[in-house]
Amino acid sequence: MILKNIKIDKIIYKGYGLGTYQGKKVFIPNTYPGDIVDGQLLSEKKDYYKALPVKFHKSEIVRIPARCPVFTECGGCNMLDVDYFQQCELKKQVIEDIYPDYISLINNTIASPKADQYRNKVFFPVTIRDKKIIYGMFKNLSHTVVSADKCRLVSSKILEIAQEVCNHLNNANETVYDERSGKGNIRHLGFRVNSKQEVMVIIVTNKSKLAFTNTLIKTLTNKFPQVLSLIQNINRSNTNTILGDSDKVLLGQPYFFDEIGNKEYKVHYQSFFQVNRQITELIYKQIRADLDFNSNVLDAYSGVSTIGIFIADKANLVVSVENNEWAVQDANYNIKLNKCNNIGVINAKLEDKFEEIIDKYKINTIVFDPPRKGLETNIRDLIKNSKINKIIYLSCNPTTQKRDMQDFCKAGFKLEKMIPYDMFPHTYHIENYALLTR
Ligand SMILES: C[S@@+](CC[C@H](N)C(=O)[O-])C[C@H]1O[C@@H](n2cnc3c(N)ncnc32)[C@H](O)[C@@H]1O
C-alpha cells in the first residue's frame, strides 16, 4: 500500500523523517523536513506507520550525490545525501526536539574536524557472495551484510587491508559463521588505527582454528608495514556481542598507543576508545574548561582513563571507575605514562560502588560518559542527597540522557548548556554534552 503525499515535518533521533498521513504519524527513513513523499507501507501500529520513500514530490533540502554505492541499503549511514554542514544543523534540530524546554541553551552542533574516514575502529561482519568471503556492514535492522568496499567512514588503507584478509581467507578455504546453525568460523574482521596510522587487525572466529596464519602474517607485514598486530579473538557465544573472552596474539601485541591532544594512552583491543579522535579532543577540552580548579572529580565510565588524565592537572583528585578489566589495566598504565599522581582507578560496576566512592573521596563533580543505556536508577537517586554540585554528562544516546537529566533537575540541578558534537558524521548518531550545576 502506498501512503500518498506525506509531508515531513521534522527529523527525529534515529534518522527518520516524521510526517503524518490521515492524522496518524508516519516514520520514513531518508527523508528530511520539507519533503513531500509517497511512502510504501512497511508496518502499521495503533498510532503510527512505518514506510519507505518511493516518490518525492517536493523537497526543501538540497540533496547531493551520496558517493556510496550502498547508501539507503546499508545500516551504517543515514545522511550521506545532504551537505555535511546541513547534517550538523539537522542534528541540532533533533536535540531541540528531544529537549524543547531548553532550546535557548542548546549550542550549534560542533562539526567533526574530519567528516570522512574519521573512524579509528571498525568491526565488519562477513558473508559469502559469489562463493567468496566478503566484508561489509549490516543492513538497517537486519543481519544481512552489504558490501563495504567503498565505505566512507574508514580510511582506504583499512579497506585495502580488509580485502587482503578476505583474499587470504578465501585462499585458505575458510568458512563464514552462520548464526542460525552455529556452524562456520569467521564472524567479524576488526581494525583499530591510532594517530600514527598504525593498525591492529582482529579476526573474530567461532572456532579456535584459523587456517594458515603464518602466510597471512607474511602477506600483511610485507604489503602493509603499518600493521602492528594480528589477533585472533575466539567468540563461541550465540549472541550479538562481537568479541569473545579468549584470543591468540598471532603478531605483535594486543594493544597499541594512541593520542588525544598531548596525552598518550595505551589501548588494549578489548578496551573502549572514542571512535573519532579529532572531535574527542574538542570534547575533552570543553570538559576541562567547564571544571572548577581543585575539584574532587569522579570520572564515571572511564575506559582507559582518557578523560581523567586529560583533566587531572586541574583537579584536586580524580577517581576513574570502569568495569572492563582490560581498560582498567590500560588506565593504570596510562596514569603512570602521563605522570599523573592524583588519579586512582577502581575496577567495578559504577552502580555497585557509587555511594561508597562519592562519600569516601568527597566527590563534588562528576563526568558521566555511560554506555547507551545511561545511568542505573540507584545512581540517579543517590545524587539527590549527595554533595555533588557539578555534573558533566556526555552521552551517545540523547533519549536515555534526557531521562537521567530529568532526575537531576528534580534533585535541584540546573542545565547550564548543551552542546551536540558530531562524533559520527553521516550517521544519525550524536554525542550530546550537557553541563549541570546546583
Ligand atoms: C562510552 S565509554 C566511555 C569511556 C571513556 N570515558 C572515554 O571517553 O573513552 C563507556 C565505558 O563504560 C564502561 N562501562 C559500561 N558499563 C559500566 C558499568 N556498569 N560500570 C562501570 N563502567 C562501565 C565501558 O566498558 C566503557 O569503557
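Owing to the predicted nature of the structure, the values given are computational and were not obtained by experimental measurement.

Q: What am I meant to see in the overall build of the protein here?
A: On a plain count of helices and strands, the protein comes out with nine helices and 21 strands. Radius of gyration (C-alpha) of the protein: 23 Å, near the 22 Å computed for a compact globule of 438 residues. In terms of overall dimensions, the protein has a C-alpha envelope of 60 × 60 × 35 Å along the principal axes. Counting over 438 residues, the protein shows a buried share of 56%. At a minimum sequence separation of 6, the contacts of the protein that also span at least 24 residues come to 62%. Accessible area for the protein stands at about 19,800 Å²; split by element, carbon and sulfur atoms hold 49% of it. A gap of 3 Å separates the mean positions of the 60 positive and 48 negative side-chain charges of the protein.

Q: Explanation requested: helix 8 (residues 377–384) in the structure shown.
A: An α-helical turn contains 3.6 residues, so any two residues separated by three or four positions project in the same direction. For helix 8, the complete set of buried residues consists of Ile379, Arg380 and Ile383. Looking down the long axis of helix 8, one finds its buried residues gathered within 100 degrees of arc, a one-sided arrangement.

Q: Honestly, the domain arrangement of the protein in this entry has me stumped. Any pointers?
A: Interfaces are often sized by the amount of accessible area the parts lose when they come together. On domain assignment, one finds that the protein holds domain 1 (2–61), domain 2 (121–259) and domain 3 (271–437). The C-alpha centroid of domain 2 is placed 37 Å from the C-alpha centroid of domain 1.

Q: What is the right way to read the packing of helix 2 (residues 156–171) against helix 3 (residues 213–223) from this model?
A: How two helices sit against one another is set out by the angle between their axes and by the gap between those axes. As a packed pair, helix 2 and helix 3 sit with axes 10 Å apart at the nearest point and diverge in direction by 155 degrees. Classified by the angle their axes make, helix 2 and helix 3 are roughly antiparallel. Of the two elements, helix 2 crosses helix 3, and the hand of that crossing is right-handed. From helix 2, Ile161, Glu164, Val165 and His168 reach across to helix 3, where they touch Thr215, Leu216, Thr219, Leu220 and Lys223. Grouping the constituent residues of the contact of helix 2 with helix 3 by class yields four nonpolar, three polar and two charged.

Q: Help me understand the packing of aromatic side chains, please; the structure alone is not making it clear to me.
A: Aromatic rings in a pair are described by how distant their centres are and how their planes are angled relative to each other. In total, this model carries 18 aromatic pairs according to the counting rule given. Measuring from centroid to centroid gives 6.2 Å for Tyr16 and Phe27, while their planes differ by 80 degrees, and the two rings are edge-to-face. With Tyr16 in strand 2 (residues 16–21) and Phe27 in strand 3 (residues 24–29), this pair connects stretches of sequence that are 11 residues apart. Note on Tyr16: relative accessible area 16%, which makes it buried. For Phe27, a relative accessible area of 15% puts it in the buried group. Ring geometry for Tyr421 versus Tyr433: centroids 6.2 Å apart, planes at 70 degrees, classification edge-to-face. Residue Tyr421 is located in strand 20 (residues 414–421), and its partner Tyr433 is located in strand 21 (residues 431–437); the two are separated by 12 residues in the primary sequence. Of the two residues, Tyr421 and Tyr433, neither departs from the other in class, the shared state being buried. Across from the ring centre of Tyr49, 4.8 Å away, lies the NZ or CZ of Lys24, which sits over that ring.

Q: What is the right way to look at the pattern of salt bridges in this model?
A: Two side chains bearing opposite charge may form a pair once their charged atoms approach each other closely. This structure, assessed with the given rule, holds 24 salt bridges. Residue Arg152 is joined to Asp116 by a salt bridge in which the shortest nitrogen-to-oxygen separation is 3.0 Å. On the criterion of sequence distance, the pair formed by Arg152 in the loop between strand 8 (145–147) and helix 2 and Asp116 in the loop between helix 1 (84–98) and strand 6 (121–129) is long-range, its members being 36 residues apart. Residue Arg152 is classed as buried on the basis of its relative accessible area of 12%. Bridged by salt links that share partners, the residues Arg380, Arg403, Asp404, Asp407 and Lys410 form one connected network.

Q: What is the right way to read the environment of Glu416 from this model?
A: As for its position among the elements, Glu416 is in strand 20. Not counting the four nearest positions on each side in its chain, Glu416 is found in contact with Leu105, Leu435, Leu436 and Thr437. At a separation of 2.4 Å, a polar atom in the side chain of Glu416 contacts the side chain of Thr437.

Q: Just checking my understanding: could you explain the site of the ligand for this structure?
A: Lining the immediate environment of the ligand, one finds 18 residues, of which Gln274, Tyr284, Glu322, Leu350 and Asp369 sit closest. Residue Tyr284 places a side-chain N or O atom 2.6 Å away from an oxygen atom belonging to the ligand. Residue Thr306 places a side-chain N or O atom 3.1 Å away from an oxygen atom belonging to the ligand. Compared with its free state, where it exposes 600 Å², the ligand has 89% of that area covered by protein. Looking at the shell around the ligand, the elements with two or more residues in it are helix 5 (306–311) and helix 7 (350–360). Its residues assigned to classes, the shell around the ligand comprises eight nonpolar, six polar and four charged.

What counts, and at which threshold
- Residues numbered from 1 in each chain as written.
- Predicted model: local features only at pLDDT ≥ 70, side-chain atom pairs only at ≥ 80, totals over all residues.
- Heavy atoms only, no water.
- Helix = DSSP H or I, 4+ residues; strand = E, 2+ residues; numbered from the N terminus.
- Rg over C-alpha atoms; globule rule 2.2 N^0.38 Å.
- Buried < 20%, exposed > 50% of the residue type's maximum accessible area, 1.4 Å probe, protein only.
- Contact = heavy atoms within 4.5 Å.
- Areas by Shrake-Rupley, 256 points an atom, 1.4 Å probe, with all protein chains shown as cover.
- Lys, Arg positive; Asp, Glu negative; His and termini not counted.
- Charge placed at Lys NZ, Arg CZ, Asp CG, Glu CD.
- Arc of directions from axis to C-beta.
- Domains from an automatic or database assignment.
- Axes fitted to C-alpha atoms, helices over the stretch in contact; angles between N-to-C directions.
- Parallel < 35°, antiparallel > 145°, perpendicular 65-115°, else oblique.
- Left-handed = near helix turned anticlockwise from the far one by under 90°.
- Nonpolar A, V, L, I, M, F, W, Y, C, P; charged D, E, K, R; others polar.
- Phe/Tyr/Trp six-rings, centres within 6.5 Å; stacked < 30°, edge-to-face > 60°.
- Lys NZ or Arg CZ within 6 Å of the ring centre and 35° of its normal.
- Salt bridge = Lys/Arg side-chain N within 4 Å of Asp/Glu carboxyl O.
- Polar contact = N/O pair within 3.5 Å; in protein donor to acceptor, adjacent residues only side chain to side chain.
- Near = heavy atom within 4 Å.

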